[in-house]
Amino acid sequence: MQVGDGLLLRVRVPAGVLPADHARRIAELGSRYGNGLIDLSQRGNLQLRGIAADGLEPVTEALRGIEYVSGDAASEAVRNVLCSPTAGLDRTAPMDVQGVARTLDARLAVDTALHRLPPKFGWLVCGGGIGHLADSSTDVRFDAVDGERFRVSLGGTLATAAALGLCRAEDVADVASALGRAFLELRTELPEPPRRMAGLVAAIGTDEIGKRLSRLISPLPPGERIKVRGTHLMDVFGDAEPPHPNLLPRGEKESRVGEAPSFLTTAFPFGRLTTATLAALASACAEIRITPWRALILVAPSKDAEAVAHTHGAILSHSDRRLKLTACSGAGGCDVGTTDTHATALAIAERAGPLLDPVRMVHVSGCAKGCAHPAIADVTLTARDGVYDVALNAKPGDASPYTGLSPADAVARVADLLTEESTGA
């Protein structure tokens with residue numbers, strides 16, 4: 001995809017598990033063919049930035065050689081599978097879902113009937129525990145309820161998706177395939193075909209989708225298709241509080257006395273790191289897990305992993321206020337960006353300081369699209385023509401009482417608003 005600083009190349013990492021040697025190879029490719037910048041996406045992917053037009057083919061072939069790119073564009077586009085990043089590392093999770101996620105990823109790549117799905121159509125496989133994907137919204141969810149079964153739900157987060165029933169772990173790929181086919185068939189029967197599963201659910205409900213699904217998949221054993229509508233989520237899944245980089249535990253909490261930490265969580269402002277940083281982190285652990293929370297999990301970290309991460313600008317403290325800021329690429333990284341969104345966000349973190357502690361999110365958006373966070377934030381700055389509009393409890397582009405502010409004035413306005421909120425003025 002062409003963006004402001006060149007081509008953006010998305011690298012889909014099956015199950016979010018990136019062996020250290022592969023991470024070093026990807027870092028090398030990003031440095032050789034790109035501008036040395038990598039973004040962590042909310043879908044658990046790596047994005048290599050600034051790829052030159054003549055570098056696209058060699059970097060793509062190199063990635064295909066280590067099995068991170070499918071054989072064709074159609075199969076590549078549908079491999080949108082998000083997996084619990086702590087799968088296999090977390091003793092509290094009902095199930096290690098890495099194998100299920102990999103099987104689903106492979107099925108999507110070869111199932112040509114599904115290659116007609118819209119490009120952003122997504123799948124989620126969640127094993128629960130500390131890496132719970134409760135707050136990640138997607139088209140089809142598979143949430144583990146125990147060591148053998150998943151709850152299947154459609155179009156949303158854990159709390160908002162429409163429950164369809166249960167399936168066994170070994171049936172996930174088949175159920176996903178049937179759901180994809182059902183979506184493609186049913187959407188064409190509507191006057192305005194929806195592009196996402198939530199739209200189809202809103203138009204016809206889950207009963208019709210379930211009926212079509214039953215025609216497309218072989219019958220499951222008695223009792224497996226148990227409806228869970230009306231069951232309280234807390235009873236089925238336990239705590240559904242969505243995880244965030246500042247809620248993921250440090251590796252020490254997962255270790256016994258005298259043992260080395262099993263993993264170390266490292267976050268990055270705005271999900272942006274350099275290829276040099278990725279290479280250095282890969283040299284300090286056995287593998288890297290990609291998360292949807294602007295963070296990487298270093299598995300089996302070396303004794304100096306924390307020092308290495310700190311040297312390369314990683315966030316290691318859950319109380320770091322930069323975690324409260326979200327920003328898109330802005331000027332230089334996007335064709336429509338007219339402000340340095342990252343600089344503005346960092347200035348807010350420095351200026352506002354402890355005023356940010358009770359805030360969930362401050363969003364600095366380079367335009368009204370809100371690519372980094374299209375939903376409501378506590379404070380939202382929307383850029384246009386080099387200035388910002390500032391609003392409380394708003395989405396990018398919403399009406400604002402403070403308009404046309406220079407970046408410096410916008411930073412000051414946010415600090416003043418947070419002061420007023422904290423004092424009740």
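All figures in this text were calculated on a predicted structure; none of them were measured in a lab. (Residues numbered from 1 in each chain as written. Predicted model: local features only at pLDDT ≥ 70, side-chain atom pairs only at ≥ 80, totals over all residues. Heavy atoms only, no water.)

A. Region of interest: the overall build of the protein chain. Looking only at helices and strands, one finds 11 helices and 19 strands in the protein chain. The proportion of buried residues among the 425 residues of the protein chain is 55%. Relative to all contacts within the protein chain whose residues are 6 or more apart in sequence, the contacts with residues 24 or more apart total 59%. Here the protein chain has roughly 18,300 Å² of accessible surface; of this, 52% comes from carbon and sulfur atoms. (Helix = DSSP H or I, 4+ residues; strand = E, 2+ residues; numbered from the N terminus. Buried < 20%, exposed > 50% of the residue type's maximum accessible area, 1.4 Å probe, protein only. Contact = heavy atoms within 4.5 Å. Areas by Shrake-Rupley, 256 points an atom, 1.4 Å probe, with all protein chains shown as cover.)

B. The sheet that holds strand β15 (residues 325-327), seen in detail. Reading across from one edge, β15-β16-β17-β18-β19 is the order of the 5 strands in this open sheet, with mixed pairing throughout. With partners counted over all chains shown, the strands left at the sheet margins are β15 and β19 (402-405), one partner each. Averaged over all pairs of adjacent strands, the angle between strand axes in this sheet comes to 20°, irrespective of strand direction. (Pairing = 2+ DSSP bridges. Axes fitted to C-alpha atoms, helices over the stretch in contact; angles between N-to-C directions.)

C. View of helix α6 (residues 197-216). Helix length check: α6 (20 residues) gives 17 Å between terminal C-alpha atoms against 28 Å at 1.5 Å per residue, more than 12% under. Roughly 100° is the biggest bend found in α6, and it falls at Gly-205. Regarding α6, the residues found buried are Met-197, Leu-200, Val-201, Thr-206, Ile-209, Gly-210, Arg-212 and Leu-213. Here the buried face of α6 lies against β8 (138-144), β9 (149-156), β10 (162-168) and α5 (172-187). (Expected span 1.5 Å × (residues − 1). Bend = angle between axes of the 7 residues up to and from the residue.)

D. Geometry of the environment of Phe-142. Mapped onto the secondary structure, Phe-142 falls in strand β8. Given the relative accessible area of 0%, Phe-142 is considered buried. Separated by 27 residues in sequence, Phe-142 and Ala-169 have C-alpha atoms that sit 9.1 Å apart. In this structure Phe-142 touches Trp-123, Leu-124, Val-125, Cys-126, Phe-150, Arg-151, Val-152, Cys-167, Val-172, Val-175 and Ala-176, once residues within four positions along its chain are discounted.

E. Here's a closer look at the sheet that holds strand β12 (residues 272-274). Taken together, 5 strands build an open sheet; the order of strands is β1-β2-β5-β4-β12 and the sheet is antiparallel. The open sheet terminates on both sides in strands that have one partner only, identified here as β1 (2-3) and β12. Taken together, the 4 bridges between strand β2 (residues 6-11) and strand β5 (residues 46-51) define a ladder with antiparallel strand orientation. Looking at β5, one finds that Leu-7 is bridged to Ile-51. Lying on the sheet, helix α2 (residues 56-65) is in contact with β2 and β5; it crosses β2 at an angle near 10°.

F. Region of the structure containing the packing of aromatic side chains. Overall, the coordinates contain 3 aromatic pairs when judged by the stated rule. Residues Phe-142 and Phe-150 carry aromatic rings whose centres are separated by 6.4 Å and whose planes lie at 85° to one another, so their mutual orientation is edge-to-face. Note on accessibility: Phe-142 and Phe-150 belong to one class, buried. One residue, Arg-413, lies across the ring of Tyr-402, its end atom 4.5 Å from the ring centre. (Phe/Tyr/Trp six-rings, centres within 6.5 Å; stacked < 30°, edge-to-face > 60°. Lys NZ or Arg CZ within 6 Å of the ring centre and 35° of its normal.)

G. Quick peek at the nonpolar core. Formed by 42 residues in total, the largest nonpolar core has its most connected members in Trp-123, Phe-142, Phe-150, Leu-179 and Met-197. Counting only elements with at least two residues in this core, the list comes to β6 (81-83), α4 (98-110), β7 (123-126), β8, β9, β10, α5 and α6. In terms of residues, this core owes the most to one element, α5, which gives 8 residues. Core analysis: the second largest hydrophobic core is formed by 36 residues, Ala-27, Leu-264, Leu-278 and Cys-285 among them. (Core = buried A, V, L, I, M, F, W, Y, C linked by side-chain atoms within 4.5 Å.)

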